[in-house]
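Understanding the architecture of this molecule
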Amino acid sequence: MNEYVIGVDLGTSAVKVSAMNHDGKIIAQQSYGYDLHQPHPGYNEQDPRDWLYGTTIAIDRLILRDGIKAEEIKGISFSGQMHGLVLLDADGQVLRPAMLWNDTRTTKQCEEIKAEMGDKFIEITGNRALEGFTLPKLLWVKENEPEIWAKAKSFLLPKDYVRYVMTGKQAIDYSDATGTVLFDIKKNTWSKEICETFDIPESMCPPLIRSIDEAGTVTNSYSMFSGLKTTTKVFGGGGDNACGAVGAGILKPNMVMSSIGTSGVILKYEPDANVDYHGALQYECHAIPDTYYSMGVTLAAGHSLNWFKHTFAKDEDFTEMVNRAAERPLGANGLIFTPYVVGERTPYADADIRGSFIGVDSMQNKYDFVRAVIEGITFSFRDILNIYDQHGQDFDTVVAIGGGAKSAFWLQLQADIFNKKVVSLTNEQGPGLGAAMLAAVGLGWFDSLQDCAKKFVHFGKVYEPQSAAVKKYDELYKIYHQIYDQTKDLSHQIMKLRNSWD
């Protein structure tokens, strides 16, 4: 009998499920989309039940449309969008829409955390309190929705909610727990000091599990709902960045991952918790047991390009649009874009900064603007890589995944802007592949994720930096790097004025 694992990639715009065999071959895939709700500027919410229905429909289609037999599905694990707050009452029912990772309404709460705990907070969590993280969201609900807070008995993150409904058991894996900034990264447990300081009952924090640990099996009710067997094992899973790193083979310190999805991530494997970036980068537990990773985030990477296309090139084929941009001159005829269209996280933790085009000229055409957006997104990644340079962290290879890895033009552009070799994957599946690998190791198919990677992860073409382009991009980057400081005050004034009119 065939045996499969399912990797569930619970993203911001859709869920994708992949069935893989012992050799790491994808046998079938299904996906299902859901809506993002933005009731006010800076608010980004989803209904957690949409994730559950989407995941279940996608799994059901694997069985009904692709012919995967339910009894052949031996294990399921998850990659999930990080930081989102799902509040549950005493009966495990959802109390309000989930506040997502890109929700930026919590600036006041972040300031309160900093004022109350200062550097002690970074010492405990390895991170600054930023708007996207979970703790500020908890405090926002506590302060602004007291009637909901009074009913709240526990919280979960997005993938953990879906897993909870599947198994009937609440839990959070370590990689997602660190992203709540309620977690003591050195003691490897929920922080009693932070809970007490902000009057959050420790009982709200669910049990912690490793990403490869079995969280339970499919319940009878979910079996009837989904078609899965009750013998199917469900594993902890991890945050999307940790799973993306596993699926990209980022298993040693000389490699970093460049991921361009809705947001953008530069991520580096860290063997222990002893590196101190003073909160400039996020520091998280890895999905690989007893290891860590650091990362910086560009809030609107692929989102910036999607926004531009939807607004100015709605009917144009995406691939053709990027190909036409590749034909424009390096530097987009003097046009520079800053991708702060929903605020920024790294290196500028600024919810009120907004993007800009600098150097608009009547000689430019639409594809200069597209190229400027692509270059600006990549410059924002270089901002993150600079932090590693400043802390003496050396690496020689960038593994590219996500939308930026689907274009040879964008892969070469990354190599030229980073001045590092960039490699793509021949079987690039992003975080979903990492999720499937966690299930495979959890089932005992492999002794470790490193062993699993030998079968599941395959590197492709290497893109080497081209010296002439490197020199030109260095000159452009020096200008790009000045734009934030020179425009932030005006940007903040515009945001303040706009909000006063709402």
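The protein chain goes by Xylulose kinase in an unreviewed UniProt entry, where it is assigned to Limosilactobacillus rudii. What the UniProt record of the protein chain gives under Sequence similarities (unreviewed entry) is the line "Belongs to the FGGY kinase family."

For the protein chain, the helix and strand inventory stands at 17 helices and 24 strands. For the protein chain, whose C-alpha radius of gyration is 22 Å, the value lies close to the compact-globule estimate of 23 Å for 502 residues. The C-alpha extent of the protein chain, read off along each of the three principal axes, is 65 × 50 × 45 Å. Expressed as a percentage of its 502 residues, the buried residues of the protein chain come to 61%. Summarising the internal contacts of the protein chain: among those between residues at least 6 apart in sequence, 72% fall at separations of at least 24. On the protein chain, roughly 19,600 Å² of surface is accessible, and the fraction owed to carbon and sulfur atoms is 48%. Side-chain charges in the protein chain split into 49 positive and 64 negative, and the spacing between the mean points of these groups amounts to 3 Å.

The next point concerns the UniProt feature "binding site: substrate" (unreviewed entry) in the protein chain. As annotated by UniProt and renumbered to match this structure, "binding site: substrate" (unreviewed entry) occupies Met82 and His83. For methionine 82, the location among the structural elements is in the loop between β5 (73–80) and β6 (86–88). Setting aside its immediate chain neighbours within four residues, methionine 82 contacts Trp101, Ser175, Asp176, Gly179, Gly239, Asp240, Asn241, Glu284, Tyr293 and Met295. Not counting residues within four places of it along the chain, the set of residues in contact with histidine 83 comprises Met99, Trp101, Gly132, Phe133, Thr134, Lys137, Leu157, Gly179, Gln282, Glu284 and Arg345.

Within helix α16 (residues 449–456), the full set of buried residues consists of Leu449, Cys452, Ala453 and Phe456. Considered in projection along α16, the buried side chains sweep an arc of 105° and stay on one side of the axis. In this structure, the buried side of α16 is in contact with β2 (14–20), α10 (240–247) and α15 (431–442).

Turning our attention to the sheet that holds strand β17 (residues 264–270). If you trace the seven strands from one edge of the open sheet to the other, you get β18-β19-β17-β16-β22-β23-β24, paired in mixed fashion. Each of the sheet's edge strands pairs with one partner strand only, and the pair in question is β18 (282–285) and β24 (459–463). Sheet twist, expressed as the average angle between the axes of neighbouring strands with direction ignored, equals 30°. With six bridges connecting them, strand β16 (residues 255–260) and strand β22 (residues 397–402) associate as parallel partners. The partner of valine 256 across the bridge, within β22, is valine 398. Along the sheet face, α10 touches β16, β17, β19 (292–298), β22 and β23 (421–425) and points at about 65° away from the line of β17. Strands in contact with helix α14 (residues 408–418) are β16, β22, β23 and β24; relative to β23, the strand with the most contacts, it is inclined by about 150°.

So, about the nonpolar core. If you look at the biggest cluster of nonpolar residues, it comprises 169 residues, and the most contacted ones within it are Leu87 and Phe155. In terms of residues, this core owes the most to one element, helix α13 (residues 366–390), which gives 13 residues. With near-sequence residues (within four places) excluded, phenylalanine 155 lies in contact with Leu85, Val86, Leu87, Thr134, Leu138, Ile172, Thr180, Leu182, Trp190, Met204, Cys205 and Pro206.

As a further point, take the pairing of β23. By the criterion of burial, β23 is predominantly enclosed, with four of the five residues buried. By the bridge criterion, three bridges tie β22 to β23 in an arrangement that is parallel. In the sheet register, valine 398 faces β23, and the bridge partner there is valine 422. Handedness of the crossover is the feature at issue here: the chain leaves β22, passes through α14, returns alongside β23, and the resulting connection is right-handed. Two elements, β23 and β24, share three bridges in a ladder whose sense is antiparallel.

The next point concerns the UniProt feature "domain: Carbohydrate kinase FGGY N-terminal" (unreviewed entry) in the protein chain. Those residues carrying the UniProt feature "domain: Carbohydrate kinase FGGY N-terminal" (unreviewed entry) are residues 4–247 in this numbering. End C-alpha to end C-alpha, residues 4–247 measures 17 Å, and it is 35% helix and 23% strand.

Turning next to the packing of aromatic side chains. Taken as a whole and judged by the stated rule, the model has 25 aromatic pairs. For the pair phenylalanine 379 and tyrosine 480, a centre-to-centre distance of 5.2 Å together with 35° between the ring planes defines the contact as tilted. Highlighted residues: phenylalanine 379 in helix α13 and tyrosine 480 in helix α17 (residues 467–501), separated in sequence by 101 residues. Here phenylalanine 379 and tyrosine 480 have matching classes, each one buried. Ring pairing ties together the aromatic residues Trp307, Phe308, Phe312, Phe337, Phe357 and Phe369, which thus form one cluster. The ring of tyrosine 43 carries the charged tip of arginine 105 above its face, separated from the ring centre by 3.6 Å.

Right, let's talk about the pairing of strand β3 (residues 26–33) for a bit. Note: β2 against β3, seven bridges, orientation antiparallel. Bridge pairing in β3 links valine 15 to tyrosine 32. Hairpin remark: β2 followed by β3, antiparallel, with five residues in the connecting loop; positive phi at glycine 24, about 80°.

This part is about the pattern of salt bridges. Using the criterion set out here, one finds 26 salt bridges in the structure. Between lysine 159 and aspartate 176 there is a salt bridge, with its nearest N and O atoms 2.7 Å apart. You can see lysine 159 sitting in helix α6 (residues 158–167) and its partner aspartate 176 sitting in helix α7 (residues 174–178), a full 17 residues away along the chain. Taken as a pair, lysine 159 and aspartate 176 share a single burial class, namely buried. One network of salt bridges, with partners in common, ties together Glu45, Arg96, Asp103, Arg105 and Glu145.

It is worth spelling out unusual backbone geometry at this point. Of note, the amide linkage connecting threonine 346 to proline 347 takes the cis form, showing an omega dihedral of 5°. Its place among the elements puts proline 347 in the loop between β20 (336–338) and β21 (356–358). Unlike most non-glycine residues, asparagine 188 shows phi in positive territory, near 60°. With respect to the helices and strands, asparagine 188 occurs in the loop between β10 (183–184) and β11 (189–190).

Criteria and thresholds
- Residues numbered from 1 in each chain as written.
- Predicted model: local features only at pLDDT ≥ 70, side-chain atom pairs only at ≥ 80, totals over all residues.
- Heavy atoms only, no water.
- UniProt positions renumbered as here; feature names shortened; annotations may be inferred.
- Helix = DSSP H or I, 4+ residues; strand = E, 2+ residues; numbered from the N terminus.
- Rg over C-alpha atoms; globule rule 2.2 N^0.38 Å.
- Buried < 20%, exposed > 50% of the residue type's maximum accessible area, 1.4 Å probe, protein only.
- Contact = heavy atoms within 4.5 Å.
- Areas by Shrake-Rupley, 256 points an atom, 1.4 Å probe, with all protein chains shown as cover.
- Lys, Arg positive; Asp, Glu negative; His and termini not counted.
- Charge placed at Lys NZ, Arg CZ, Asp CG, Glu CD.
- Arc of directions from axis to C-beta.
- Pairing = 2+ DSSP bridges.
- Axes fitted to C-alpha atoms, helices over the stretch in contact; angles between N-to-C directions.
- Core = buried A, V, L, I, M, F, W, Y, C linked by side-chain atoms within 4.5 Å.
- Right-handed = clockwise from strand over helix to strand, strands pointing away.
- Phe/Tyr/Trp six-rings, centres within 6.5 Å; stacked < 30°, edge-to-face > 60°.
- Lys NZ or Arg CZ within 6 Å of the ring centre and 35° of its normal.
- Salt bridge = Lys/Arg side-chain N within 4 Å of Asp/Glu carboxyl O.

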